[in-house]
Amino acid sequence: GAEFGTMSGSVASAYEKIVKYLRVGQEEKDCAELHEIYEAIENQMRIVYSQSIIKYAFKLDKAIAAGTASAFSDDQAEGQALYRVIAGDIHYKDNDSAKKATAMFNALFDVRSAPTAHNKYTYGHYCASISHLKRILRLTDAQLGTYYEATAAGVTCDPSSVEFHTIVGSYYPSSTSDESDFDGTFAGAFADAVAMSQNIAHISAEISSFTTDWSDITSDYTESYKKWTEDSPTISNEWTRLVGTPLTSVDPTSTAAAAASPSPISTYLDAAVAAASTSANRDAAKEMIEKTLWDATLYHGSLNFLNRAQNYEDGFCVTSSSTRSAETKLAWDIGAALIIGDGYHSILGRANKRGAEFGTMSGSVASAYEKIVKYLRVGQEEKDCAELHEIYEAIENQMRIVYSQSIIKYAFKLDKAIAAGTASAFSDDQAEGQALYRVIAGDIHYKDNDSAKKATAMFNALFDVRSAPTAHNKYTYGHYCASISHLKRILRLTDAQLGTYYEATAAGVTCDPSSVEFHTIVGSYYPSSTSDESDFDGTFAGAFADAVAMSQNIAHISAEISSFTTDWSDITSDYTESYKKWTEDSPTISNEWTRLVGTPLTSVDPTSTAAAAASPSPISTYLDAAVAAASTSANRDAAKEMIEKTLWDATLYHGSLNFLNRAQNYEDGFCVTSSSTRSAETKLAWDIGAALIIGDGYHSILGRANKRGAEFGTM
């Protein structure tokens, strides 16, 4: 009584009641009434020995968590002896045909071997003991009290006693361990879910200072995280998808292709821990580890339990007009605990970070954060399993937004590094992007109706830490724009849900043609393609943004070559990086380009006497010769003209025709004649061609047209 707070003044409540019933029994002359008094005395004694079982279950769980549990310990022996006092009652009064309570207590108190965690949960025996004893012996929380060491350690097994604070109000669990069919299998799971944010905060602080002893991370994962994913006794479709998704190796010495793993998190963590052993890769490896333990664990752990809550096929969720099943209530609260946590080291914390970066805030809170909490509360009240499934899907959708934003963020950062020439293998940005992509990689792979799975292939290549990323399909912000395109198409997300990454806004990068206006002397041109179209072409995502930037690029080159005397190789590099994609490396070509490739043209080399000849790369051949000619002062001014007009005019002419040709190409199915609409391929290709022609109105074909018009009187 003193240990469990069940005192009545200075005496235990059970003590007082036993004595009282003994006295009442002395006077009772009715045998039936005396039987009831006998039962009451027995019930009070059962409370005493139930408290004893619970006490030693806690002590052994504490030893298991500390790694000090051993066979034939005093606590195990005391617990065994006191459990055996009422073992017969527990076994025979249990209406569970599997007799799980007897099996658990026998295993826990078996002095022949050290006890191990019950169903992986840290205080699994303690919480399950309370659950089983209340269910079997018809005891209440008030009768049992709470073991004082558990109170001191902040361990709670009763969800209804916890309040989760969020920016948009509190979430109060609706499950309670008082329910007669409370699930002893998951007793302890709620307490562990509540503790996850604290665990993640500890790991985050720990890995920031680690240089050695990385094996501790693997141990932590096995002890505290694996139970929610690879060892979870309940799994969702999302976890099953991740297990079947091909993912790249993290081992810098491996050249293996992307492959699926039955234990995708363990495999990844083991490789990240190995990578962290070398100083060169350590910072990147730390990002992989932190984001995996934090994000992947909470995402999949929460969905595993929310999925169980709405699972009517296996009988956990039961549609009713008045109540929800105990299994549904507990599983929903465990999922909620993993999502909410402390509000920072949790999915909600990640949601708020992304909301601020993508402009998807609702006041001072991210829209996804607000909606997730709202749906969790709504789910608490839903008694129809079909409706609960829809709420589950809505929560999952909001979480996908958060991790889609994360993928887009790091795609932009890596594209920026590629453009600046600073991209490298095992960079922090590549590692963070990889870890956050892997959270929803399974959804992306399995929901993609593209048989080639181009999205999975692109993300695996972009975030493959073994090698430095390169431009996607040659376009400067190709990964960034294609990420948006793929994620919107596959996960059915919208621009409003995703927002725009603030660094992209600051850099003036746009992937949505419909948001741009081209000003000309004769009025504006408004693109008609939009990245919201369901079949928006991820291959050319980024092409429009690059086309918009071409006039600025040409202006830069024109200014640059006017002052150049040396270092002409920079011109060749600029062509390869920003111009070649429109002509010699273009993934779509016109008849005009094919004709140019087959046309004999004279050499620019002043020492050559060769006859005019065709070239498979007519612009590269011409530029290389012009750059060589520019190295001598006598030919430099002429060579500058060749270079400028080639980069400006030849690139824009053939680049625009390549895309305009694609827009009207019905033979390959891009253009589809219709009385009401045009294909997305046609609209996008036409707008890319228009962007190359119009540009800024000066460093463009239109600018050249106005110059010639003035000279030829065709104004």
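Coordinates for the structure precede this section.
Residues numbered from 1 in each chain as written. Predicted model: local features only at pLDDT ≥ 70, side-chain atom pairs only at ≥ 80, totals over all residues. Heavy atoms only, no water.

So what exactly am I meant to see when it comes to the packing of helix α13 (residues 279-309) against helix α14 (residues 326-340) here?
In the contact formed by α13 and α14, the axes pass within 7 Å of each other and the chain directions differ by 165°. By the angle between their axes, α13 is roughly antiparallel relative to α14. Crossing handedness for the pair α13 and α14: left-handed. The segment α13 lies against α14, with Leu298, Gly301, Ser302, Phe305, Leu306, Arg308 and Ala309 engaging Glu327, Thr328, Ala331, Trp332, Ile334, Gly335, Ala336, Leu338 and Ile339. (Axes fitted to C-alpha atoms, helices over the stretch in contact; angles between N-to-C directions. Helix = DSSP H or I, 4+ residues; strand = E, 2+ residues; numbered from the N terminus. Parallel < 35°, antiparallel > 145°, perpendicular 65-115°, else oblique. Left-handed = near helix turned anticlockwise from the far one by under 90°. Contact = heavy atoms within 4.5 Å.)

Teacher, can you tell me more about the state of the cysteines here?
Two cysteines form a disulfide when their sulfur atoms are joined by a covalent bond. A complete count under the given rule lists 3 disulfides for this structure. One disulfide bridge connects Cys127 with Cys157, the sulfur atoms lying 2.0 Å from each other. Looking along the S-S bond of the Cys127-Cys157 disulfide, the torsion reads about -75°, which is the left-handed sense. Of the two residues, Cys127 is situated in helix α6 (residues 124-137) and Cys157 in the loop between α8 (148-153) and β3 (164-166); the sequence distance between them amounts to 30 residues. You'll find Cys127 and Cys157 in the same group, each marked buried. Disulfide partner of Cys317: Cys385, at an S-S distance of 2.2 Å. Taking the sign of the S-S torsion, about -105° here, the bridge from Cys317 to Cys385 comes out left-handed. In this pair, Cys317 is assigned in the loop between α13 and α14 and Cys385 in helix α17 (residues 385-420), connecting sequence segments 68 residues apart. Of the two residues examined, Cys317 and Cys385, each falls in the buried class. Among the cysteines of the protein chain that take part in disulfides, numbered as they appear in the sequence, the pairing is 1-2, 3-4, 5-6. (Disulfide = S-S within 2.5 Å. Buried < 20%, exposed > 50% of the residue type's maximum accessible area, 1.4 Å probe, protein only.)

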